[in-house]
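Structural features, examined
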Amino acid sequence: MKISRIRKSGQSGSSLIEVVIAVGVMAVAVPLVFGALAESGKSGMSAEAETRSAWMVPICMDEIRASRDGRSEYFTSTTIGQVFPPASEVWALAFSAEGKPLGKVSKALYDKGTKDLNGAKVLYLAAISSTLPQTQTGPTPMLAAKITVEYPSGAPAAKRQKLDFFTRIP
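As the structure is a prediction and not an experimental result, all values here were calculated from the model. (Residues numbered from 1 in each chain as written. Predicted model: local features only at pLDDT ≥ 70, side-chain atom pairs only at ≥ 80, totals over all residues. Heavy atoms only, no water.)

With respect to the environment of Phe-166
For clarity, the threshold we go by: Here a strand is any run of E in DSSP of at least two residues, a helix any run of H or I of at least four, and the numbering for each starts at the N terminus. Here, two residues are considered to be in contact whenever any of their heavy atoms come within 4.5 Å of each other.
One can find Phe-166 in strand β7 (residues 161-169). Separated by 41 residues in the primary sequence, Phe-166 and Leu-125 have C-alpha atoms spaced 16 Å apart. Apart from the residues within four sequence positions on either side, Phe-166 is in contact with Ala-145 and Lys-146.

Written out as structure tokens, the structure is:
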């Protein structure tokens, strides 16, 4: 008995052109997807920083007021109308992911970045500075104070994202 083989008239599998097109589509789509994921991560960090800044900025303002009264927990005492920080210092506070103060950061740690301070994880840094405005109005000299919330704290100062907050204080 003889068994005959049935031949298929169509070809099975993919042609080389179909494979090349599929690889080309993937080569374009995959980087776009990963780029979108990276941007969404940055947006999430930015949104968190903006939310936490509502707690961090008032703490920094309280420290400025406390330095005026000579009772600051972290910074040197200043007087009304005196520009801060002194030229050789940086006034920077470290904050946790929840926006709680962890302590003062030295100039060296501020410049290179830090991920922990005294055993606690640091996510944000808040740099505090002031300048004398060009023009003065009124009898009490007002300083232009700037509080900059920076993140992530582990990055060098030049590479951190920054949120600036401005106010005037006597």
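From this point on, the discussion continues.
Quick look at the sheet that holds strand β1 (residues 91-95)
The test is simple: The rule for pairing is simple: two strands pair if DSSP sees at least two bridges between them. Simply put, an axis is a line fit to the C-alpha atoms, just over the touching stretch for a helix, and the angle between two N-to-C directions goes from 0 to 180 degrees.
Pairing is antiparallel in the open sheet, where 5 strands are placed in the order β2-β1-β5-β6-β7. Unpaired on one side and paired on the other, β2 (101-104) and β7 mark the two borders of the sheet. Adjacent strand axes in the sheet meet at a mean angle of 25 degrees when their direction is disregarded. As paired elements, strand β6 (residues 143-151) and β7 share 9 bridges and run antiparallel to each other.

Considering the pairing of strand β5 (residues 124-131)
Let me state the cut-off plainly: Whether a residue is buried, partly exposed or exposed follows from its accessible area with a 1.4 Å probe, protein chains only, as a fraction of its type maximum: under 20%, in between, or over 50%, in that order.
For β5, the buried fraction is high: 6 of the 8 residues fall into the buried class. Note: β1 against β5, 5 bridges, orientation antiparallel. Residue Ala-94 lies in a different strand from β5, and its bridge partner there is Leu-125. Bridge count between β5 and β6: 7 bridges; the pairing is antiparallel. If you follow Ala-127 over to β6, its bridge partner there is Thr-148.

Remarks on the pairing of β2
Looking at chain direction, β1 and β2 are connected through 3 bridges and run antiparallel. Opposite Leu-93, over in β2, you have Lys-104 as the bridge partner. What sits between β1 and β2 in their antiparallel hairpin is a turn of 5 residues, with Gly-99 showing a positive phi close to 90 degrees.

Comments concerning the side chain of Glu-150
We count it as follows: Within 3.5 Å is the distance limit for a polar contact, defined as a pair of N or O atoms, with the added protein rule that one can donate a hydrogen and the other accept it, and that residues adjacent in sequence qualify only through two side-chain atoms.
On the secondary structure map, Glu-150 appears in strand β6. One polar contact links Glu-150 to Tyr-110, side chain to side chain, over a distance of 2.6 Å. Discounting chain neighbours no more than four positions away, the residues touching Glu-150 are Tyr-110, Leu-123, Tyr-124, Leu-125, Ala-127, Arg-160, Gln-161 and Lys-162.

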